[in-house]
Amino acid sequence: MVFVFDIDGTLLKSDYTVSQETVVAIKSLERNGHTVIFASGRMLVSVKKFLKKFFGKDFPVIAYNGGIVWIPEKGVIFEKSVDFNSTKKIIEFLRGKSLHRQIYVNDKLYGEADNEYIKSYARHADVEYFIVEDLIKLSKEKLPTKILSIADEKILDNVKDELDKMNLNVDIFKSMNIFLDIVPKNVNKAEALKYLIDKLNCRDQKIVVFGDNHNDIGMFKIADFSVAVENAVEELKKEADYIAPSNDEDGVYVALSNHFSDIISG
C-alpha cells in the first residue's frame, strides 16, 4: 500500500512535535514493505528538515502543494512555476490591498517587508528568509514555485474571490486558515501524487491518505481510504472515510492502530 501524510495540522501537533508512537508506526510501514510519502504545502527544504528532525531519514516528498516532487534517489523529478504575467498581476494586486505577499524561488523564501508575517512563517517552516525591494523584479530572473499571502481568514476568503475573477493561469486555495496559496494551474497534491505513484511503480497499490485541509481534498478523492483528523475543515471531513482524533490527540497514530495494526507491528 501507499501511505500519504500531510504534515501541518495532521502529523504535527500544535506545539510542532510528532509523538514517538506515530514516528515508530510510520517507520514500520516502510519496514514492512509499504510506500510512505509526505505531501505538504511547505517548501522542499522545510519538509526535508522535518523528516530529518523526526524520522532521521528521507522519504518521497510532494512539496509546494504539488509544485515540486522529490525522491531521495533522484532528487527533484517534477517542478512547475507560476508564469510571469500571473505573478506580476498577483503581486500588484496584493500590494494594492496592502496585504503580505511572499514568493518561493529556488526553494528559498522571499518577501518585500521584514514583518511579523514572514518572521512567523520562517519560524514555523524552520527556514531562512530574504527581503528584496521588488518581488516582480526577482521573478523576472527566476519564476516562483508558489506565491503566498497571509492574513485573517475572512480577508483571504474575499481576496480569493477577487483573484479567481481575474482568470489568471493559477489555482488558489487555503492550506491553513491564514495562508492563501497560489500555484500554477492544475498543480495540486492530487496530480503530484498520481505522478509520483507512477514514477515509483506503485500504480497497482491501494492508497491511504491522511489530511486536514482544503489542499488535501483532491488526494482524498483518489484515495482508497482517507483519514481526516478531527481538527480538519468540514469540506475535507465530508470526503473522509474515517474521522480520527485531532492532531493534538495523535489522530494519525490512532487511525493506523485501528485500521492497520497488522502492518505497523513487528
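Placed above this text is the structure.
Nothing here was measured: the structure is a model prediction, and the numbers come from that model.

Reading the values: the criteria
Residues numbered from 1 in each chain as written. Predicted model: local features only at pLDDT ≥ 70, side-chain atom pairs only at ≥ 80, totals over all residues. Heavy atoms only, no water. 1 Å grid on protein atoms, 1.4 Å probe; cavity = no way out; pocket = protein on both sides within 12 Å on 5 of 7 lines; lining within 4 Å. Points joined across faces, edges and corners; volume = space filled by probe spheres on them. Helix = DSSP H or I, 4+ residues; strand = E, 2+ residues; numbered from the N terminus. Salt bridge = Lys/Arg side-chain N within 4 Å of Asp/Glu carboxyl O. Buried < 20%, exposed > 50% of the residue type's maximum accessible area, 1.4 Å probe, protein only. Pairing = 2+ DSSP bridges. Expected span 1.5 Å × (residues − 1). Arc of directions from axis to C-beta. Contact = heavy atoms within 4.5 Å. Polar contact = N/O pair within 3.5 Å; in protein donor to acceptor, adjacent residues only side chain to side chain.

Chemist: Let's hear about empty space enclosed by the protein: which residues, and what values?
Modeler: According to the stated counting rule, one finds 2 cavities of 30 Å³ or more in the structure shown. Approximately 140 Å³ is the volume attributed to the largest cavity. Along its surface, the largest cavity is lined by 16 residues, and Asp8, Gly41, Arg42, Ser175 and Met176 are the ones closest to its centre. If you list the elements that add at least two residues to the lining of the largest cavity, you get α5 (116–125), β9 (146–150), β10 (170–176) and β11 (179–184). Among the elements that make up the lining of the largest cavity, the one with the highest residue count is α5 (3 residues). Within this model, the second largest cavity holds a volume of roughly 40 Å³. Every residue along the wall of the second largest cavity is listed here: Thr10, Leu11, Val18, Ser19, Thr22, Asn247, Asp250, Gly251, Val252 and Tyr253. Counting residues per element, the ones that place at least two in the lining of the second largest cavity are α1 (7–11) and α11 (251–259).

Chemist: Describe in detail the pattern of salt bridges, supporting the description with residues and values.
Modeler: In total, this model carries 19 salt bridges according to the counting rule given. Residues joined in a network through salt bridges with shared partners are Arg95, Arg101, Glu112 and Asp134.

Chemist: Would you mind going over the pairing of strand β2 (residues 35–39) in detail, with residue names and values included?
Modeler: Every regular strand shows the same layout, with side chains that alternate between the two sheet faces. Counting buried residues along β2, 5 of its 5 residues qualify, which places the element largely inside the surrounding structure. Here β2 shows two buried faces, one formed by Thr35, Ile37 and Ala39 and the other by Val36 and Phe38. Across 4 bridges, the pairing between strand β1 (residues 2–5) and β2 is parallel. Bridge pairing in β2 places Phe5 opposite Phe38.

Chemist: A description of helix α4 (residues 84–96) should follow, citing residues and the corresponding values.
Modeler: Taking 1.5 Å per residue as the helical rise, α4 with its 13 residues ought to reach 18 Å, and the 18 Å between its terminal C-alpha atoms agrees with that figure. Listing the buried residues of α4 in full gives Ser86, Thr87, Ile90, Ile91, Phe93 and Leu94. Looking down the long axis of α4, one finds its buried residues gathered within 160° of arc, a one-sided arrangement. Contacts from the buried residues of α4 go to β6 (100–105), α6 (135–141), β9, α7 (153–164), β10 and β11. Measuring from the backbone nitrogen of Asn85 back to the side-chain oxygen at the start of α4 gives 3.2 Å, which picks out Asp83 as the cap.

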